[in-house]
Amino acid sequence: MTKPRALVLLSGGLDSATCLAIARDAGFETYALSVEYGQRHAAELAAARRVAAALGAVAHRVAHVDLGQFGGSALTDPALAVPTDGLDGGIPITYVPARNTIMLSIAMAWAEVLGARHIYVGVNAVDYSGYPDCRPAFIEAFETMANLATKAGVEGHRLTIHAPLIDLSKAQIIQRGTELGVDYGLTVSCYQADDDGRACGLCDACRLRRAGFEAAGLPDPTPYR
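Note that the coordinates shown come from a computational prediction; the quantities given were computed from them, not determined experimentally.

Before going further, it helps to examine the pairing of strand β1 (residues 5-9). Where burial is concerned, most of β1 is hidden: 4 out of the 5 residues are buried. Relative to strand β2 (residues 29-36), β1 runs parallel, the two sharing 5 bridges. Across the sheet, Leu-7 pairs through a bridge with Tyr-31, a residue of β2. Remark: the β1/helix α1 (residues 14-25)/β2 crossover connection has right-handed handedness. Inspection of the sheet shows β1 paired to strand β4 (residues 118-120) by 3 bridges, in the parallel sense.

With 6 of 8 residues buried, β2 lies mostly within the body of the structure. The parallel pair β2 and strand β3 (residues 59-64) is bridged by helix α2 (residues 43-54), and the resulting crossover is right-handed.

Scanning the model with the defined rule gives 7 salt bridges in all. Lys-170 serves as the salt-bridge partner of Asp-15, at 3.0 Å between the closest nitrogen and oxygen. Of this pair, Asp-15 sits in helix α1 while Lys-170 sits in helix α6 (residues 170-179), placing them 155 residues apart in sequence. For the pair Asp-15 and Lys-170, one class covers both residues: buried.

The sites that carry the UniProt feature "binding site: Zn(2+)" (unreviewed entry) are, in the present numbering, Cys-190, Cys-200, Cys-203 and Cys-206. With the annotated positions falling across 17 residues, the maximum pairwise C-alpha distance of 7.2 Å places them together in a single cluster. Among the structural elements, Cys-203 can be located in the loop between α6 and α7 (204-216). The exposure class assigned to Cys-203 is buried, which follows from its relative accessible area of 0%. Structurally, the position occupied by Cys-206 is in helix α7. Among residues more than four places away in sequence, those in contact with Cys-206 are Cys-190, Ala-199, Cys-200, Gly-201 and Tyr-224.

A few words now on α2. The terminal C-alpha atoms of α2, which comprises 12 residues, lie 17 Å apart, in line with the 16 Å expected from a rise of 1.5 Å per residue. Those residues of α2 not exposed but buried are Ala-43, Glu-44, Leu-45, Ala-47, Ala-48, Val-51 and Ala-52. Immediately beyond the C-terminal end of α2, within one or two residues, lies Gly-56, with a positive phi of roughly 75 degrees.

Before going further, it helps to examine the nonpolar core. Counting 44 residues, the largest nonpolar core has Leu-7, Leu-104, Ile-119, Val-121, Ile-139, Ile-161 and Cys-203 as its most contacted members. Looking at this core, the elements with two or more residues in it are β1, β2, α2, α3 (99-114), α4 (136-149) and α7. Among the elements that line this core, the one with the most residues is α3, at 7 residues. Once residues lying within four places of it in the same chain are set aside, the contact partners of Ile-139 are Leu-104, Val-121, Val-123, Ile-161, Ala-163 and Ile-166. Counting 27 residues, the second-largest nonpolar core is a separate cluster that includes Ala-17, Ala-21, Ala-52 and Leu-55.

Turning to α7, a few remarks are in order. Across its 13 residues, α7 extends 18 Å between first and last C-alpha, which sits within 8% of the 18 Å expected from 1.5 Å per residue. Among the residues of α7, those classed as buried are Asp-204, Ala-205, Cys-206, Leu-208, Arg-209, Gly-212, Phe-213 and Ala-216. Taken from the residues just after α7, Gly-217 is the one with a positive phi, measuring 70 degrees.

Before going further, it helps to examine the environment of Asp-85. Of note, Asp-85 is situated in the loop between β3 and α3. Residues Asp-85 and Asp-204, spaced 119 residues apart in sequence, show a C-alpha to C-alpha distance of 8.2 Å.

Contact geometry for α1 and α6: axes closest at 9 Å, N-to-C directions at 45 degrees. With respect to each other, α1 and α6 are oriented oblique. Crossing hand, α1 versus α6: left-handed. Between α1 and α6, the residues in contact are Leu-14, Asp-15, Thr-18, Ile-22 and Asp-25 and Lys-170, Ile-173, Ile-174, Arg-176 and Gly-177, respectively. Partitioned by chemical class, the residues of the contact of α1 with α6 number 4 nonpolar, 2 polar and 4 charged.

Rules of the game
Residues numbered from 1 in each chain as written. Predicted model: local features only at pLDDT ≥ 70, side-chain atom pairs only at ≥ 80, totals over all residues. Heavy atoms only, no water. Buried < 20%, exposed > 50% of the residue type's maximum accessible area, 1.4 Å probe, protein only. Helix = DSSP H or I, 4+ residues; strand = E, 2+ residues; numbered from the N terminus. Pairing = 2+ DSSP bridges. Right-handed = clockwise from strand over helix to strand, strands pointing away. Salt bridge = Lys/Arg side-chain N within 4 Å of Asp/Glu carboxyl O. UniProt positions renumbered as here; feature names shortened; annotations may be inferred. Contact = heavy atoms within 4.5 Å. Expected span 1.5 Å × (residues − 1). Core = buried A, V, L, I, M, F, W, Y, C linked by side-chain atoms within 4.5 Å. Axes fitted to C-alpha atoms, helices over the stretch in contact; angles between N-to-C directions. Parallel < 35°, antiparallel > 145°, perpendicular 65-115°, else oblique. Left-handed = near helix turned anticlockwise from the far one by under 90°. Nonpolar A, V, L, I, M, F, W, Y, C, P; charged D, E, K, R; others polar.

Given below as structure tokens:
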């Protein structure tokens, strides 16, 4: 029998790699989608290609949308510095306006073409930077919208948005991925990694990642500058 299809948003980071492994373990034929949105570096997209191949995605596509033209985020505007002083509450300058909404919309489009009724996204609302589009309420609202906005949804082929990491700590995510055979040495989480994927060790993403491996009791394979 043909496996059901699932589309996985794959940034190249730790969380999305774990999501891809979870979707595969759930019995889906997986398709990986990355988005080049004007982010500071291409290292995470290179990582996404490695992860998609390693975890057996049937296809991996990279969509292009230039959010950098608008600025407003330290991840897309070179004039804004990435904070390196740790998490201090509130929504940080690394928040990219509408990023997850746009990525999920592109994923929704490809999923409909594929006949896939499942989209996996690695958002997390526990060990995270406080982004509003990583919360359960956002995921629930987007799923409702998707089933109103698509031909498939209107015709009764319901689309489900899976966010299996949303309530997990970073350590729990790492433990789950390790159980499923994820090679985290292939991934890049740093907001300002160099061309070789080496991490700064100071940004929020690096701090959360490092603390996660420490809490999980596992060696951190991240190459740091």
